[in-house]
Amino acid sequence: MIMLFPAAVFAVLYVASRRRDARRLRNGVFLVSAIACALVALLSEASRTTPFTVLLAAFGTVLLVGVLGVLLIGNGITMLRLEGRSLGNLLSLFAGVAILVLPVLAVLLVLGSHPQSLPSWLTIVLVALGLLLGFACFYAAATFTAFGVYSLVYSRYRHTRTPDALIVLGSGLIHGEVPPLLRSRLDLALRIYRATSPGTTRPLLIPSGGQGDDEPRPEGTAMAEYLIANGAAATDVLPETASTNTRENLLLSRDLQQSAGRDGETIVVTNNYHVLRAALLARSIGSDAQVIGSPTAAYYVPSAFLREYVAIMVEHRLLNALAIAGVAGLIALAVVWSLLPI
C-alpha cells in the first residue's frame, strides 16, 4: 500500500494545478499518475490474497492492447473508405499496426539476442535497441493516455457564466458550404447564444476561419451566414476571415473582440476532440478563454484524437526530445560500460 502515498501526492498536485488553470497539459500527467499509482497499490494488495492477480492483470493488459490495436486498424480502414486517402486519415491505421508490432519487436530484441554465434558487442547493442524501443513505446502510451484522459475530463468542464463573446473555430468548407462537423460547432454556439437570460446582453459571435486553397470563400463568411440564417442577429455576428490555423483563429478573433469592446468572458467553441489543444493554445497566447466541444461522429474520433496528440507532441518537441534523449543517453552509457574491458 506504499503506492497510495504517491497517488495522494499526485492527486493533490492535480487538484491544485487544475484550480490554478484548467488549461494545462500537466494536469493530465498528474491525474493519470494518481490513477496509475492507486491501481498499482490496489493490485499489490490484491496479490497478497490472490497470487494470480498480477498474472491476470498482465494478461488482461496484453489482451486490451491487442484489441485496441485491432480496433484502430479497423478504424483506419473505415477512415480511408469514408474520408479518402490522406496522411491524417491513415493515423489510426498506423497506430494500430504500431501497437501490435513495436512492443513485440522490443521484446524480441531483448530476449532473442543471445545466440552463441553472435558477438558479445552485438548482443549488447541489440538489447540496448530493444530497451530504447520499449521506452519509446511506454513514453508514447503514457503521454497519449495523459492527453486522452484529460481531454475527456476537460471537455466535460461546465462553463456557467454568460460570455461576452463566443469564438467558433473553423474546420473547412465543402463546396463553399458548412459541413456537418462545422455545423455541430455552430449549433452549440447558437444554443449558448439563445440561452442568454432576458435583460442580459447576448454574446458576440465570432465565426473564425480564412479561405483555404481548396475553398471558394472564407470559412468565417460561410459560418456567419449560417449563424444569421439560424436566428442570430446580424449585429451580433462579427466574422474573422484571415486566419489559417488555430493559433491565428484565436489571435485574430481576440483582436476583433477587443475592437468591438467585448473583451470580457470568452468561450471558444470547437469539436470535442480539439478542445484540449485549443485550450493549450489559448493559454499560450495569454488569453483567458475557456474551450467547449461539440459532438463528433464516432468513427472520426480516434483519428482526430491521434492528430491532436501528434500536433501537441510536435509543439512540445523540445521537451519530448530531451526526455527520450536522456534515456537514450543512459542506455548508451550502459552499452559503453558493458563493452569496456574489466
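Fair warning: this is a prediction, and the values are worked out from it, not measured in the lab.

Cut-offs and rules
Residues numbered from 1 in each chain as written. Predicted model: local features only at pLDDT ≥ 70, side-chain atom pairs only at ≥ 80, totals over all residues. Heavy atoms only, no water. Core = buried A, V, L, I, M, F, W, Y, C linked by side-chain atoms within 4.5 Å. Buried < 20%, exposed > 50% of the residue type's maximum accessible area, 1.4 Å probe, protein only. Helix = DSSP H or I, 4+ residues; strand = E, 2+ residues; numbered from the N terminus. Contact = heavy atoms within 4.5 Å. UniProt positions renumbered as here; feature names shortened; annotations may be inferred. Axes fitted to C-alpha atoms, helices over the stretch in contact; angles between N-to-C directions. Parallel < 35°, antiparallel > 145°, perpendicular 65-115°, else oblique. Left-handed = near helix turned anticlockwise from the far one by under 90°. Phe/Tyr/Trp six-rings, centres within 6.5 Å; stacked < 30°, edge-to-face > 60°.

Re the nonpolar core
Then, number 1: Within the largest apolar cluster, 34 residues are counted, with the highest numbers of intra-cluster contacts made by Phe147, Tyr150, Tyr154, Leu169, Leu250, Val268 and Val291.
Then, number 2: Counting residues per element, the ones that place at least two in this core are helix H2 (25-49), helix H5 (120-155), strand S1 (165-169), strand S2 (204-208), helix H9 (275-284) and helix H10 (301-315).
Then, number 3: Sort the elements by how many residues they give to this core and H9 lands first, with seven residues.
Then, number 4: The residues contacting Tyr154, other than those within four sequence positions of it, are Ala22, Arg23, Val275, Ala279, Gln290 and Val291.
Then, number 5: Residues Tyr193, Met223, Ala232 and Ile292 belong to the second largest nonpolar core, which totals 21 residues.

Side note on the UniProt feature "transmembrane region" (unreviewed entry) in the protein chain
Then, number 1: UniProt records the feature "transmembrane region" (unreviewed entry) for residues 28-46, 52-78, 90-112, 124-153 and 318-340 in the present numbering.
Then, number 2: In residues 28-46, the share of helix is 100% and the share of strand is 0%. The end C-alpha atoms are 27 Å apart.
Then, number 3: Segment residues 124-153 splits into 100% helix and 0% strand. End C-alpha atoms: 43 Å apart.

Some remarks on the packing of H9 against H10
Then, number 1: Relative to each other, H9 and H10 sit at 25°, their axes nearing to 9 Å. With respect to H10, the axis of H9 lies roughly parallel. When the axes of H9 and H10 are compared, the crossing they make is left-handed. Seen from H9, the contacting residues are Arg277, Leu280 and Leu281; seen from H10, they are Glu308, Ala311, Ile312 and Glu315.

A word on the packing of aromatic side chains
Then, number 1: This structure, assessed with the given rule, holds nine aromatic pairs.
Then, number 2: Centre to centre, the rings of Phe144 and Tyr309 are 5.1 Å apart; their planes meet at 90°, and the pair counts as edge-to-face. Placement of the pair is Phe144 in helix H5 and Tyr309 in helix H10, with a sequence separation of 165 residues.
Then, number 3: Accessibility expressed as a relative area gives 28% for Phe144, which makes it partly exposed.
Then, number 4: Relative accessible area serves as the criterion here: at 12%, Tyr309 is assigned to the buried category.
Then, number 5: Taking the centre distance of 6.3 Å and the plane angle of 85° together, the rings of Tyr299 and Tyr300 count as edge-to-face.
Then, number 6: Owing to a relative accessible area of 15%, Tyr300 belongs among the buried residues under this scheme.
Then, number 7: Members of the aromatic cluster, joined through ring pairs, are Phe144, Phe147, Phe305 and Tyr309.

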